[in-house]
Amino acid sequence: MVRVTLICAVGMSTSMLVKKMKEAAEKKGIDAEIRAVAENKFEEYADKTDVLLLGPQVGYMLSKFKQKYEPKGIAVDVINSIDYGMMNGEKVLNTALKMAEKNK
């Protein structure tokens, strides 16, 4: 199972993307746990996350999250802004899966 957490400013704008990612995972038969949380709540989910994706609006925090969480085995990146804007759950899921595979 791959565990993916999406972060945005307050955890609201990523909720629709999470829904689309879950639908894409279901279609592909992929066992995935996908959630969206506010940036200030991520610490509670760190031990339940393999891949951390930041919404473009909080992309400026990338280096902070990479420094803190990559040493703990969590792959961290910013969601492609076009995929985010188009709510392309399948593409974002594929990105997360590639990140998880590289990070094994």
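So, a few notes on the structure that sits alongside this text. (Residues numbered from 1 in each chain as written. Predicted model: local features only at pLDDT ≥ 70, side-chain atom pairs only at ≥ 80, totals over all residues. Heavy atoms only, no water.)

**Describing the nonpolar core**
One broad trend across soluble globular proteins is that nonpolar side chains are buried collectively. The biggest cluster of nonpolar side chains holds 21 residues, and the ones touching the most others in it are Val4, Leu6, Leu17, Met21, Val51 and Leu53. Each residue touching Leu53, except ones within four places of it in the same chain, is listed here: Val4, Thr5, Leu6, Ile7, Asp77, Ile79, Val92, Ala96 and Met99. Judged by nonpolar contacts, the second largest core, of twelve residues, contains Ala46, Phe65, Ile74 and Val76. (Core = buried A, V, L, I, M, F, W, Y, C linked by side-chain atoms within 4.5 Å. Buried < 20%, exposed > 50% of the residue type's maximum accessible area, 1.4 Å probe, protein only. Contact = heavy atoms within 4.5 Å.)

**A few points about the packing of helix α1 (residues 15-28) against helix α4 (residues 89-102)**
Where α1 meets α4, the closest approach of the two axes is 8 Å, and the angle between their N-to-C directions is 75°. It follows from the interaxial angle that α1 and α4 lie roughly perpendicular. The residues of α4 that touch α1, namely those facing Leu17, Lys20, Met21, Ala24, Ala25 and Lys28, are Gly89, Glu90, Val92, Leu93 and Asn94. (Axes fitted to C-alpha atoms, helices over the stretch in contact; angles between N-to-C directions. Helix = DSSP H or I, 4+ residues; strand = E, 2+ residues; numbered from the N terminus. Parallel < 35°, antiparallel > 145°, perpendicular 65-115°, else oblique.)

**Structural notes on the pattern of salt bridges**
Side chains bearing opposite charge may pair, as long as their charged atoms lie close to each other. The tally for this structure, following the rule as stated, stands at eight salt bridges. Note that Glu90 is salt-bridged to Lys28, the shortest N-O span being 3.8 Å. One end of the pair, Glu90, is in helix α4; the other, Lys28, is in helix α1, and 62 residues separate them in sequence. Under the relative-accessibility criterion, Glu90 is labelled partly exposed at 44%. (Salt bridge = Lys/Arg side-chain N within 4 Å of Asp/Glu carboxyl O.)

**A closer look at the packing of aromatic side chains**
Using the criterion set out here, one finds three aromatic pairs in the structure. An angle of 20° between the planes, with centres 5.8 Å apart, marks the rings of Phe65 and Tyr69 as stacked. Of this pair, Phe65 and Tyr69 both sit in helix α2 (residues 62-69), four residues apart, which is roughly one turn of that helix. Residue Phe65 is classed as buried on the basis of its relative accessible area, which comes to 3%. Given the relative accessible area of 3%, Tyr69 is considered buried. These aromatic residues form a ring-pair network of at least three members: Phe42, Phe65 and Tyr69. (Phe/Tyr/Trp six-rings, centres within 6.5 Å; stacked < 30°, edge-to-face > 60°.)

**Quick notes on α4**
Spanning 14 residues, α4 covers 20 Å between terminal C-alpha atoms, matching the ideal 20 Å at 1.5 Å per step. Residues Gly89, Val92, Leu93, Ala96, Met99 and Ala100 constitute the buried set of α4. Buried residues along α4 cover an arc of 125° about the axis, so they all sit on one side. Summarising the geometry of α4, the exposed residues directed more than 90 degrees from the buried face are Lys98, Glu101 and Lys102. (Expected span 1.5 Å × (residues − 1). Arc of directions from axis to C-beta.)

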